[in-house]
Amino acid sequence: MSEHHAKPTGITRWLFTTNHKDIGTLYLWFAFIMFFIGGGMAMVIRAELLQPGMQVVDPLFFNTMTTMHGLIMVFGAVMPAMVGFANWMIPMMIGAPDMALPRMNNWSFWILPFAGTMLISTLFMEGGGPAFGWTFYAPLSTTFAPQSTDFFIFAVHLLGFSSIMGAINIIATILNMRAPGMTLMKMPLFVWTWLITAFLLIAVMPVLAGAVTMMLTDRNFGTSFFDAAGGGDPVLFQHVFWFFGHPEVYIMILPAFGIVSHIIPTFARKKLFGYASMVYAVAAIAFLSFIVWAHHMFTVGMPVAGELYFTYATIMIAVPTAVKVFNWTATMWRGSMTFETPMLWAVAFVFLFTIGGFTGLMLGMAPADFQYHDTYFVVAHFHYVLVTGAVFGIIAGAYFWLPKWTGHMYDEKLGKMHFWLSVISVNILFFPQHFLGLAGMPRRIPDYAVQFAEFNFMSSIGGFAFGLSQLLFLYVVIKCIRGGEKATDEVWDNPDGLEWTTPSPAPYHTFETAPEIK
Amino acid sequence: MSTETDSYYLPAPSYWPIIGSIGLFITLFGFASALPGTSDGAMGDMTMVYVGLAIVAVMLFGWFGQVIGESESGKYNAQVDTSFRMGMVWFIFSEVMFFAAFFGVLLYTRQLAVPWLSGEGNNAMTNALLWKGYAGGWPTNGPGSVGGHFEPMSPFGIPLWNTIILLSSGLTVTWAHWGLKNGRRGQLIAGLFLTVALGSLFVSLQAVEYMHAYSEMGLKLNSGIYGSTFFMLTGFHGLHVSIGVIMLLVMLVRAIKGHFTAKNHFAFEAAAWYWHFVDVVWLGLFIFVYWLA
C-alpha cells in the first residue's frame with residue numbers, strides 16, 4: 001500500500017498539496033479571482049465606450065485594458081478553470097486514486113500565481129503595461145512597446161510552462177490510470193475532450209514560447225525575425241502566433257463541450273446521442289485547428305492561393321461542429337427534460353455558442369472577412385464563443401458538480417436568478433456589437449463616431465449588468481460551501497458516471513482500490 | 001532493489017514545487033529587470049538571476065534526490081514507471097514543437113519573406129519603392145544589410161566534425177544501455193563516460209565556432225535574418241545538448257554509485273531518449289541551417 005496521509009491542515013496544506021482535489025480547488029479559485037480582475041478591466045472598457053468622446057481613461061490606458069483583459073481571461077480565467085475541472089473530475093471519472101504525477105501537479109498550479117503577479121505587475125511599471133492587444137503583434141510589441149513588455153514575455157513563458165506540465169499530467173493520467181475495464185471508448189466525454197485538449201496544449205504552447213522568445217531577442221539582442229530591413233517579416237509573427245492561437249481557442253472550448261455532454265443527458269434522462277461520433281468530431285476539430293490559422297489574418301496580403309486554402313479549410317470545421325450541436329439536440333429530443341440550473345446554462349450554451357459558430361462561418365470566408373476584419377463584429381463573434389461558450393460551460397459545470405464537491409445543494413432559486421440575469425444581460429452586451437461591427441466600428445479604439453452611440457450605450461449597460469450578476473454567482477458558491485441542503489451521493493436523477501458512486505462531498509481520497517467497469 | 005507494490009504510489013505533500021516556483025519567478029523577474037529593452041543597450045545587474053538560478057538548482061537536487069530515493073527503496077510499481085515514461089515522452093514532444101517553431105521561421109523567411117522582399121510574386125512595386133536593388137537570395141541580412149558584411153558558416157569543418165561526434169555519442173549511449181541490460185556495469189560506466197565526453201567536446205567545438213564567427217567572419221546574432229536564425233537555432237540546440245550532458249553526467253554518477261538494475265532504469269532511458277532527440281535536431285540543423293545555405 002502507499003503511505004496513507006492524514007488530511008493536512010493550515011496554509012501548508014494548500015502550498016505543498018499533492019492531492020488532485022485540493023489542486024483542483026486551487027485552480028478553480030485562482031480562475032474565479034482572475035475572472036473578476038479581468039471582468040473589472042472589461043468594466044473600464046465599457047465605461048469608456050458608454051458614450052462617444054473621451055471621458056474615463058486616456059487612450060493608452062484603454063489599450064492596456066483591452067490587452068490585459070484578453071490575456072487575463074484567456075490565460076488566467078478560462079484555461080485554469082478548465083484545468084481545475086480536469087483535476088477534480090478526471091481521476092474520479094476514470095476510477096483513479098489521483099493524478100499520475102501528483103507533485104508536478106502541484107507545480108503546474110503554483111507557477112500560476114507567480115506568472116499572474118508578473119503579468120499584472122506590468123501595469124505599475126514606468127511606461128505602463130502592454131497596450132498592443134492580447135495578440136501582441138510585432139512591431140507594436142517589439143519596436144514600439146513599453147519596457148514592461150519583457151516582464152509580459154516571461155509571464156507568458158511561465159504560463160506556458162505551467163500549461164505544458166498540466167497537460168502532460170492529464171495525458172499520463174488518462175492513458176495510464178484508468179480502472180480495469182475502462183476502455184478508451186467507454187471514457188466519459190469530458191475525459192475525451194481533455195485528452196485531446198492536452199494534446200493540443202503540448203503541441204502549441206511551445207510554439208507560443210518560441211514566438212515570445214523571438215520577440216525578446218528582437219527587442220533586446222538585435223535579431224531581425226520580425227523586421228523587414230533585416231530580411232524578416234512582421235507578418236511572420238502573425239503566422240507563428242496564430243499557429244498557436246487557433247488551437248488555443250479550441251483548448252478553451254473543447255472541455256466545455258465535454259461538460260455540456262455530461263449535463264444534457266443527465267437532465268434529458270437519456271443516453272448521450274452518438275457517443276462515438278462525438279469523440280470523432282472532437283478529434284476532427286482538433287486536427288483541423290492546426291491547418292486553419294491564417295484565417296485570422298486574411299487582410300495581411302497573402303497570395304490568393306493562401307486566401308482560398310484557408311477559407312476552405314476553415315469552413316470544413318463547420319462539419320464536426322455541426323455533428324456536436326446535432327447530437328446535443330438529438331439527446332434532448334423526446335427526453336424527460338427538467339431545467340435545473342446546470343441544464344439552463346447548458347441549453348443556453350448550445351444556442352449561444354452556435355450563434356458564435358455561425359458568425360465564425362461569416363468571418364471564415366476571406367472576401368467577407370475583408371469587411372469584418374478588426375471590427376466589433378469580430379469582438380461579438382469571439383465573445384459569443386468564449387463567454388456564452390467556454391464561460392457558460394464552466395458555470396454549468398460548477399453548478400453540476402458543486403454538490404459533489406461541497407456535499408451541499410446550491411441555492412436553486414438564486415442559481416436560476418443568476419442564470420436569467422446573465423443570459424439576458426450577456427445578449428444585451430454582445431448582440432449589438434454585431435451591428436456595430438457591420439456598420440464599421442473598429443475594435444480597440446476608445447472613441448467612436450456618434451452614429452455608433454446607441455448600440456454602444458446598450459452594450460455597456462448589458463456589460464455592467466452581466467458583470468454585477470457574477471457577484472451573485474460568487475455569493476451562491478460561498479453559500480453552497482458553507483451549508484445548505486445535504487446532497488445525496490447521486491445528487492441528480494440517476495446520472496451516469498463513476499463520480500456519482502462516491503459519497504457527497506467526495507472524500508479526500510477516492511478509488512484507492514480501482515472499481516471494476518463492466 | 002525495486003519490488004512490485006500493489007497500489008499506485010501517492011507522494012506525501014512536498015515543498016519542492018513551491019520552491020521551484022519562487023526560484024523561477026526570481027530568475028525571470030531579475031532577467032527582465034536587467035534587460036536593456038533596446039537592441040543597442042547594455043545588460044543591467046544580474047544578481048537576482050543568479051540567486052534565482054541557485055534556488056532552482058537546489059530545488060532540482062532536492063526533488064530529483066527524493067524521487068531517486070523513493071525509486072531505490074522500491075516504492076514504485078510498474079504503473080508508476082509507465083507514468084514517468086509518458087511524462088518524458090510528452091515532454092520531448094513539447095521540445096520538438098519548440099524547435100519546430102524555429103525551423104518553421106527559417107523555412108518561411110527563406111522561401112517566402114526574402115523572395116517577396118526582392119519583388120517575387122506580386123511584390124514588384126514593393127521592391128521598387130521600398131527596397132530598390134535588393135535581390136534577395138540566401139544567406140542574407142536583408143535589404144537593410146543589418147549587422148554589416150558577414151560570411152555564412154560553411155558546413156564542412158567544425159559542423160561536419162560535430163555531426164560525426166554527436167552521431168557517435170548516440171552509439172556510445174546505446175552501447176552503455178546494452179551493458180546495463182546485460183549486467184555489465186563496466187560497459188555502462190565506460191559508455192556513459194564516452195557519451196559525456198563526446199557531448200562536452202561538441203559543446204566546446206561549437207563555442208570555438210561561435211568565437212570564430214564573431215571575430216573572423218562578421219557573423220553575429222544581429223546579422224539580419226541569417227544571423228538570427230543561425231544563432232537562435234544552433235544556440236537553443238547547444239543549450240539542449242548541455243542539458244543532455246548534465247543529465248547523462250548524473251546517470252554516470254548514479255551508475256558508479258550502483259544505482260539501476262538490468263530491468264529497472266527508467267532515468268537512464270529518459271536521459272538516453274533526450275540525447276537521441278538532440279541528435280535528431282542536430283541532423284535537421286546540419287541539413288537546413290548549414291548545408292542548404
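Residue indices follow the written sequence of each chain, beginning from 1 at its first position. The order in which chains are written sets their letters, starting at A; the order in which ligands are written sets their numbers, starting at 1. Confidence filtering applies because this is a predicted model: local features only for residues at pLDDT of at least 70, side-chain atom pairs given and counted only at 80 or more, and all residues used for totals across whole chains, interfaces and linings. Just so you know, side-chain values use all the structure's heavy atoms and leave hydrogens and water out.

Remarks on the overall build of chain B
Here is the rule: In this description a helix means any DSSP run of H or I spanning at least four residues, a strand means any run of E spanning at least two, and both kinds are numbered starting from the N terminus. Throughout, exposure labels follow a simple rule: accessible area from a 1.4 Å probe, protein chains only, divided by the maximum for the residue type, with under 20% read as buried, over 50% as exposed, and the rest as partly exposed. Residue contacts are defined here by distance: any two heavy atoms, one from each residue, within 4.5 Å place the two residues in contact.
From N to C terminus, chain B includes eight helices and zero strands. Going from N to C terminus, chain B has its helices and strands arranged as α-α-α-α-α-α-α-α. Projected onto its principal axes, the C-alpha coordinates of chain B cover approximately 75 × 40 × 35 Å. Buried residues in chain B amount to 49% of all 293 residues. Look at the contacts in chain B between residues 6 or more apart in sequence, and 74% of them connect residues 24 or more apart.

Thoughts on the overall build of chain A
Note the following rule: Our radius of gyration is a C-alpha quantity, and the globule rule it is checked against amounts to 2.2 Å times the number of residues to the power 0.38.
Summing up its helical and strand segments, chain A has 15 helices and zero strands in all. At 23 Å, chain A has a C-alpha radius of gyration in line with the 24 Å of a compact globule built from 518 residues. Along the first, second and third principal axes, the C-alpha set of chain A runs to 65 × 50 × 45 Å. Across the 518 residues that make up chain A, the buried fraction comes to 67%.

Observations concerning the packing of helix H4 (residues 102-121) of chain A against helix H1 (residues 16-34) of chain B
Spelled out, the test is: Lines fitted to the C-alpha atoms define the axes, with helices restricted to the stretch that makes contact. Angles between their N-to-C directions range from 0 to 180 degrees. The cut-offs work like this: below 35 degrees is roughly parallel, past 145 is roughly antiparallel, 65 to 115 is roughly perpendicular, and the gaps in between are oblique. In this scheme the crossing of two helices becomes right-handed for a clockwise turn of the near helix relative to the far one and left-handed for an anticlockwise turn of less than a right angle. Only Asp, Glu, Lys and Arg are considered charged, only Ala, Val, Leu, Ile, Met, Phe, Trp, Tyr, Cys and Pro nonpolar, and every remaining residue, Gly among them, polar.
In the contact formed by H4(A) and H1(B), the axes pass within 8 Å of each other and the chain directions differ by 30 degrees. Here H4(A) is positioned roughly parallel relative to H1(B), judged by the angle of their axes. When the axes of H4(A) and H1(B) are compared, the crossing they make is right-handed. Counting all contacts with H4(A), which are made through A:Arg103, A:Asn106, A:Trp107, A:Trp110, A:Ile111, A:Phe114, A:Thr117, A:Met118 and A:Ser121, the residues of H1(B) involved are B:Pro17, B:Ile18, B:Gly20, B:Ser21, B:Ile22, B:Leu24, B:Phe25, B:Leu28 and B:Phe29. In terms of residue class, the contact of H4(A) with H1(B) is made up of 12 nonpolar, five polar and one charged.

Brief notes about the pattern of salt bridges
So the rule is basically this: Should a side-chain nitrogen of Lys or Arg be within 4 Å of a carboxyl oxygen of Asp or Glu, the pair is scored as a salt bridge.
A full pass over the atoms with the stated rule returns 11 salt bridges over all chains. When salt bridges that share partners are traced, they join B:Asp81, B:Arg85 and B:Glu269 into one network.

Some thoughts on the packing of H4(A) against helix H5 (residues 149-176) of chain A
All names here are of chain A. At a closest axis distance of 8 Å, the pairing of H4 and H5 adopts a crossing angle of 160 degrees. On the basis of the axis angle, H4 is roughly antiparallel to H5. H4 and H5 meet at a crossing whose hand is left-handed. In this structure, H4 contributes Met104, Asn105, Trp107, Ser108, Ile111, Leu112, Ala115, Met118 and Leu119 to the contact, and H5 contributes Phe151, Phe152, Phe154, Ala155, Leu158, Leu159, Phe161, Ser162, Met165, Gly166, Ile168 and Asn169.

Some points on the domain arrangement of chain B
Residue and element names in this part refer to chain B. In plain terms, the rule: Domain delimitation follows an automatic or database domain assignment. Counting of polar contacts relies on pairs of N or O atoms within 3.5 Å, with two restrictions inside protein: one atom must be capable of donating a hydrogen and the other of accepting it, and residues adjacent in sequence are counted only when both atoms are side-chain atoms.
Each assigned domain of chain B is listed here: domain 1 (1-75) and domain 2 (77-291). Here domain 1 and domain 2 have C-alpha centroids that lie 24 Å from each other. At the junction of the two partners, domain 1 supplies 12 residues and domain 2 supplies 12 residues. Our enumeration of links across domain 1 and domain 2 arrives at one salt bridge. For Glu72, the salt bridge is made with Arg254, and the minimal N-O distance between the two is 3.5 Å. Applying the counting rule to domain 1 against domain 2 returns three residue pairs in polar contact (both at pLDDT 80 or more). In terms of residue class, the side of domain 1 that touches domain 2 is built from five nonpolar, three polar and four charged.

Notes on the interface of chain A and chain B
Note the following rule: Throughout, the accessible surface (probe 1.4 Å) given up by two parts as they are put together, summed over both, is called the buried area.
Taken together, the contacts link 70 residues of chain A with 71 residues of chain B. Between chain A and chain B, the buried area comes to about 6000 Å², and carbon and sulfur atoms account for 74% of it. The salt bridge involving B:Glu70 is made with A:Arg103; its shortest N-O contact spans 2.8 Å. For the interface between chain A and chain B, the tally reads 16 residue pairs in polar contact (both at pLDDT 80 or more). Elements represented by at least two residues in the side of chain A that touches chain B include exactly helix H1 (11-16), H4, H5, helix H6 (189-220) and helix H7 (234-268) of chain A. Here the side of chain A that touches chain B gets 14 residues from one element, more than from any other, and that element is H6(A).

A few points about the environment of B:Val289
All names here are of chain B. Assignment of secondary structure puts Val289 in helix H8 (residues 266-291). By relative accessible area, which is 5% here, Val289 ends up buried. Between the alpha carbons of Val289 and Ser154 there is a distance of 9.9 Å; along the sequence they are 135 residues apart. Those residues within four positions of Val289 in sequence are excluded, and the remaining contacts are Leu106, Tyr226, Phe230, Leu233, Thr234 and Gly284.

Here we look at a nonpolar patch on the surface
Residue and element names in this part refer to chain B. Selection criterion: Excluding any residue in a salt bridge, patches collect residues exceeding 30% relative accessible area, merging like charges within 9 Å and nonpolar Val, Leu, Ile, Met, Phe, Trp and Tyr side chains within 5 Å. In this description, accessible areas are obtained by the Shrake-Rupley approach with a 1.4 Å probe, and a residue is regarded as covered only by the protein chains that are shown.
On the surface, a nonpolar cluster with roughly 840 Å² of combined accessible area is contributed by Phe156, Leu160, Trp161, Ile164, Ile287, Phe288, Trp291 and Leu292. Among the secondary structure elements, those contributing two or more residues to the nonpolar patch are helix H5 (158-181) and H8. Among the structural elements, Phe288 can be located in helix H8. Taking the relative accessible area as the measure of exposure, Phe288 reaches 42% and is therefore partly exposed.

A word on helix H3 (residues 78-117) of chain B
Each full turn of the α-helix corresponds to 3.6 residues, which orients residues three or four apart in the same direction. Residues and elements named next belong to chain B. Let me state the cut-off plainly: Helices are assigned an expected span. That span is 1.5 Å times one less than the residue count. Note that bend, as reported per residue, equals the angle between axes fitted to the 7 residues terminating at that residue and the 7 residues originating from it.
Helix length check: H3 (40 residues) gives 57 Å between terminal C-alpha atoms against 58 Å at 1.5 Å per residue, within 8%. The principal kink in H3, of about 45 degrees, is found at Thr109. Two residues or fewer past H3, Gly119 is found with a positive phi of approximately 105 degrees.

Re unusual backbone geometry
In this model, A:Ala138 is joined to A:Pro139 through a cis peptide bond whose omega is 0 degrees. Tracing the backbone shows A:Pro139 in the loop between H4 and H5. Cis rather than trans, the peptide bond between B:Trp138 and B:Pro139 has omega equal to 5 degrees. Look at A:Asp374: it is not a glycine, yet its phi comes out positive at around 60 degrees. For B:Phe260, which is not a glycine, the phi torsion comes out positive at approximately 75 degrees. With respect to the helices and strands, B:Phe260 occurs in the loop between helix H7 (224-257) and H8.

Looking at the confidence of the model for chain B
The cut-off we apply is this: The predictor attaches a confidence to each residue, called pLDDT, with possible values from 0 through 100.
Here chain B shows a mean pLDDT of 95. Residues at 70 or above account for 98%. Note on the complex model: pTM 0.96, ipTM 0.96.

A few points about the packing of aromatic side chains
Residue and element names in this part refer to chain B. What counts here: Any two rings among Phe, Tyr and Trp, with Trp reduced to its six-membered ring, count as a pair given centres within 6.5 Å; such a pair is stacked if its planes are under 30 degrees apart, edge-to-face if over 60, and tilted if neither.
Applying the stated criterion across every chain, the model contains 88 aromatic pairs over all chains. Ring centres of Phe98 and Phe102 lie 5.2 Å apart, and the angle between their planes is 65 degrees; this geometry places the pair in the edge-to-face category. Of this pair, Phe98 and Phe102 both sit in helix H3, four residues apart, which is roughly one turn of that helix. Since its relative accessible area comes to 10%, Phe98 is described here as buried. The class of Phe102 is buried, set by a relative accessible area of 2%.

Focus: the side chain of A:Asn176
Within the fold, A:Asn176 resides in helix H5. Its relative accessible area of 13% is what places A:Asn176 among the buried residues. In contact with A:Asn176, other than residues within four places in its own chain, are B:Gln79, B:Thr82, B:Ser83 and B:Met86.

Re the nonpolar core
Rule in force here: We define the nonpolar core as a collection of buried residues of types Ala, Val, Leu, Ile, Met, Phe, Trp, Tyr and Cys that are connected through side-chain atoms lying within 4.5 Å of one another.
Grouped together as the largest cluster of nonpolar side chains are 273 residues, with contacts concentrated most on A:Phe136, A:Trp194, A:Trp328 and B:Phe268. Of all hydrophobic cores here, the second largest spans five residues; its members include A:Leu363, A:Ala368, A:Tyr372 and A:Phe377.

Topic: the environment of A:Ile428
All names here are of chain A. Along the chain, Ile428 falls in helix H14 (residues 412-438). Judged by its relative accessible area of 35%, Ile428 is partly exposed. Linking Ile428 and Ala115, residues 313 residues apart in sequence, is a C-alpha distance of 34 Å. Every residue in contact with Ile428, bar those within four places of it in the chain, is listed here: Met458, Ser459 and Gly462.

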